[in-house]
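# Structural overview for review
Below are the chains, spelled out letter by letter.
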Amino acid sequence: MEKNIRLETQKEFEKITGWQLWVLRLMGCGAYEPNFRISFATLVILFLAGAFVVITIFDLFLFQNDVFNFTFALVTLSYAVIGCTRLGFIIFHPNPYSAAFQEAKQTYLLASSDERDQQVLQHYTKLLKQCISMYSIAFLGGSVGTAFLPLIVYLWNGEKILPFGVVIPFTDLETSLGYQLNYMYQVSCILWTPPGLTASQNIYITLVFNICIQYDLIFIKLDELDQLAVRNIDGTLDKEVEQKFIEIIKYQQRLNQFVAEVENRFTVQIFVEISCNALQIVVTLFVMEIDTWIPGYLVITVATFQSFLYCILGTLIDMKTELFTEKIYNVAWHRMRTSEQNNIKYMLSKSQQSVLLTNGGMLPMNMNLFLAVYKKSIPSS
């Protein structure tokens, strides 16, 4: 029965992540899988992304005297920078990303068949499925809504706008053909950009949830150690206590290495994305002070949501590290021998030096950062 539950949980995890890997593989960005090679699809995506950036930069010069279209182009360029940053890291440095994901899969294999361990895996796998489903629906749904935004605005006030602030060079938006060409180009971008961004974001969420799983599995081991220490009155359980220490320290070392790997791989990317999100909020609010700008509401919502997501995930890890230190301290160390107390000191010392997820290696990713960035982004009245 326990074996069946374990296999079902593993299959559910592989099914959840399998869809994300399939999307990335289809787009030539399957760097999270072993033996990734640059393919024709990879070159096509790089070309499309590069062309999008060039066109958007051209539009910044084209609309330098039009504050609304200039802002729209600047916001669009921010999304292009985010996408190109993700592409650059995973395509040209794929091995660390593949190793991190394979290590996450290994967590499911290393967990014991103990009922409590399996409950942890089941809980987080179910939670992961819910979070990925909600994020995918929200982001992809918002992208589809963006494609229909021009129609809604046109029916409301008769104004012609485009989903994004990018205009193909040497086309005239005032003509029917020029507008249709630009609209079709932007809709075509929606077909490949949001799925890739969503899938890569979902893999990051998976890695963060895996960190939480590893913490909770160690918490169970610490509870077992505490129970052994309480029962070990006459020293008959010294061997079991020693084995449990070895097991916990190995888990702790693996956890620290995994968090450090995730931090190293994503800290610069997160810095770029939060900076771009803050820029979008600042310039959008500035323009909306001048006049009502309907796309601005969507821009602010998406930028805020993306920054909030990163910070709430970082907060989860922040809370786990604090709980880890508390769990170690609460073990019945006063009932242990001197050598075992030294092991507690070692674990406690390492827990206080736990690696956190950061924004560019400078500030911890938590809700304090989110509030600080948001406060700085909103102009004072």
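Let me sum up the structure you'll find in this document.

What counts as what
Residues numbered from 1 in each chain as written. Predicted model: local features only at pLDDT ≥ 70, side-chain atom pairs only at ≥ 80, totals over all residues. Heavy atoms only, no water. Core = buried A, V, L, I, M, F, W, Y, C linked by side-chain atoms within 4.5 Å. Buried < 20%, exposed > 50% of the residue type's maximum accessible area, 1.4 Å probe, protein only. Helix = DSSP H or I, 4+ residues; strand = E, 2+ residues; numbered from the N terminus. Contact = heavy atoms within 4.5 Å. Axes fitted to C-alpha atoms, helices over the stretch in contact; angles between N-to-C directions. Parallel < 35°, antiparallel > 145°, perpendicular 65-115°, else oblique. Left-handed = near helix turned anticlockwise from the far one by under 90°. Nonpolar A, V, L, I, M, F, W, Y, C, P; charged D, E, K, R; others polar. Expected span 1.5 Å × (residues − 1). Salt bridge = Lys/Arg side-chain N within 4 Å of Asp/Glu carboxyl O.

### Some remarks on the nonpolar core
Judged by nonpolar contacts, the single largest core of 92 residues is most densely connected at Y32 and Y204. Broken down by element, the residue count for this core peaks at 23 residues, all from helix α6 (residues 176–231). Once residues lying within four places of it in the same chain are set aside, the contact partners of Y204 are V262, F266, I270, Y310, L313 and L357. The next biggest cluster of nonpolar side chains, apart from the first, holds 5 residues, and it includes F72, M288, W293 and I300.

### Some thoughts on the packing of helix α2 (residues 40–62) against helix α3 (residues 67–92)
Their axes nearest at 9 Å, the elements α2 and α3 cross at an angle of 155°. Considering their axes alone, α2 and α3 lie roughly antiparallel with respect to each other. Crossing angle aside, the handedness with which α2 passes α3 is left-handed. For the pair α2 and α3, contact is made by T42, I45, L46, A49, F52, V53, T56, I57, D59 and L60 and by F70, A73, L74, T76, L77, A80, C84, L87, I91 and F92, respectively. In terms of residue class, the contact of α2 with α3 is made up of 16 nonpolar, 3 polar and 1 charged.

### Focus: unusual backbone geometry
For N35, which is not a glycine, the phi torsion comes out positive at approximately 60°. Tracing the sequence through the fold places N35 in the loop between α1 (2–26) and α2.

### Description of the side chain of Q186
Tracing the sequence through the fold places Q186 in helix α6. Q186 has contacts with L162, P163, F164 and V166, leaving out every residue within four places of it along the chain.

### A word on α2
Taking 1.5 Å per residue as the helical rise, α2 with its 23 residues ought to reach 33 Å, and the 33 Å between its terminal C-alpha atoms agrees with that figure. Residues T42, I45, A49, F52, V53, I55, T56, D59 and L60 constitute the buried set of α2. For α2, the elements touching its buried residues are α3 and α6.

### Some remarks on the pattern of salt bridges
Two side chains that carry opposite charge are able to pair once their charged atoms sit near each other. In the structure shown here, the tally under the stated rule is 12 salt bridges. Residues K221 and E247 are paired through a salt bridge, measuring 3.3 Å at the closest nitrogen-oxygen approach. Of this pair, K221 sits in helix α6 while E247 sits in helix α7 (residues 238–290), and the two are 26 residues apart along the sequence. K221 gets classed as buried once you look at its relative accessible area, which sits at 3%. A relative accessible area of 26% places E247 in the partly exposed class.

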